[in-house]
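Observations on chain architecture
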2 protein chains.
Amino acid sequence: MLGIEKIDHICIAVKDLESARKVWEPFLGKSAPDHAYRHDPEAIDVARYYVGEVGYELMASTREGSDVDRFIKKRGEGVMLLSFKVPDTVEAMGKLREAGFQLLDKTPRIWEKSRYAFLNPAFMNGVLVEVID
Amino acid sequence: MLGIEKIDHICIAVKDLESARKVWEPFLGKSAPDHAYRHDPEAIDVARYYVGEVGYELMASTREGSDVDRFIKKRGEGVMLLSFKVPDTVEAMGKLREAGFQLLDKTPRIWEKSRYAFLNPAFMNGVLVEVID
């Protein structure tokens, strides 16, 4: 329906990015992130590693009360988000609405050249799902 | 270090497999699981869908008190496991031990032609990690 191509990335909510890197880099066989960035609108500091075709992201909060901070306080560290690659986010959002899925966003969010939107995890078996193009 | 090739599969713990299928099949654009199986040693009933190179698994408990049942009772439905493909599970287990990682298994578990082992999520930022060959 949406033309999902792959799992684009997986986000792991961590308390401390530096100590998480010390766990995951040896595990993944990396000496540094493949990409590192800070995303102020979501108050996150991110280390991304490519594992096959999937971006594996360690994500720490940069501000008390951010989504990541609240996730960790409520559930502890762990997998917070699964992001699915679609050809066109706006088209996917339309199809999702038509099919009765509950989106958290009315319009796509934008980050660099990608547009993305979240689905309500309450209707996705507890999984916070993102579609991204 | 371990020669991780890709994310092999992701497991979502769900209460009811049939109703979860009705959510995820339209989302993933599938009319049926690519593979469906029951794994009695772990008391799970599984619907697997390939999303790119990754197996996306919906997993329901077949017995009260199983790992999946306890996971859901404690944390609710959601992402329960990330499995990473390695060339050789036994070799990976040796390297993980040497590097100070905490394995939950002394010897690999076996399922069909694969050997797999779990790492302790308490030392992996709350992520239940599996290595599989």
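Predicted model, so just to flag it, every value in this text is computed and none were measured.

So, about the overall build of chain A. From N to C terminus, chain A includes three helices and eight strands. The linear arrangement of helices and strands in chain A, starting from the amino end, is β-α-β-β-β-α-β-α-β-β-β. At 15 Å, chain A has a C-alpha radius of gyration in line with the 14 Å of a compact globule built from 133 residues. In terms of overall dimensions, chain A has C-alpha extents of about 45 × 30 × 25 Å along its principal axes. Among the 133 residues that make up chain A, the fraction classed as buried is 52%. For chain A, contacts bridging at least 24 residues in sequence account for 54% of all contacts bridging at least 6. For chain A, the distance from the average site of its 19 positive side-chain charges to the average site of its 22 negative ones is 3 Å.

Here we come to helix 2 (residues 67-75) of chain B. Residues and elements named next belong to chain B. Of all the residues in helix 2, the buried ones are Val68, Asp69, Phe71 and Ile72. Down the axis of helix 2, the buried side of the element spans an arc of 160°, and every buried residue falls inside it. Set apart from the buried face of helix 2 by more than 90 degrees, the exposed residues are Lys73 and Lys74. Where the residues of helix 2 are buried, they touch strand 1 (6-14), strand 3 (44-51), strand 4 (54-61) and strand 5 (78-85). Looking one or two places after helix 2, you find Gly76, whose phi comes out positive at around 85°.

Glancing now at the interface of chain B and chain A. Facing 38 residues of chain B, the contacting portion of chain A comprises 38 residues. Roughly 3,100 Å² of surface becomes buried between chain B and chain A when both sides are summed, with 70% attributable to carbon and sulfur atoms. Among the residues chain B hides against chain A, the three largest losses belong to Phe27, Arg75 and Asn125 of chain B. Together they make up 24% of the total. Applying the counting rule to chain B against chain A returns seven residue pairs in polar contact (both at pLDDT 80 or more). When contributions to the side of chain B that touches chain A are tallied by element, the ones reaching two or more residues are strand 1, helix 1 (17-28), strand 4, strand 5 and strand 8 (129-132) of chain B.

Rules used throughout
Residues numbered from 1 in each chain as written. Chains lettered and ligands numbered in written order. Predicted model: local features only at pLDDT ≥ 70, side-chain atom pairs only at ≥ 80, totals over all residues. Heavy atoms only, no water. Helix = DSSP H or I, 4+ residues; strand = E, 2+ residues; numbered from the N terminus. Rg over C-alpha atoms; globule rule 2.2 N^0.38 Å. Buried < 20%, exposed > 50% of the residue type's maximum accessible area, 1.4 Å probe, protein only. Contact = heavy atoms within 4.5 Å. Lys, Arg positive; Asp, Glu negative; His and termini not counted. Charge placed at Lys NZ, Arg CZ, Asp CG, Glu CD. Arc of directions from axis to C-beta. Buried area = accessible area lost by both parts, 1.4 Å probe. Polar contact = N/O pair within 3.5 Å; in protein donor to acceptor, adjacent residues only side chain to side chain.

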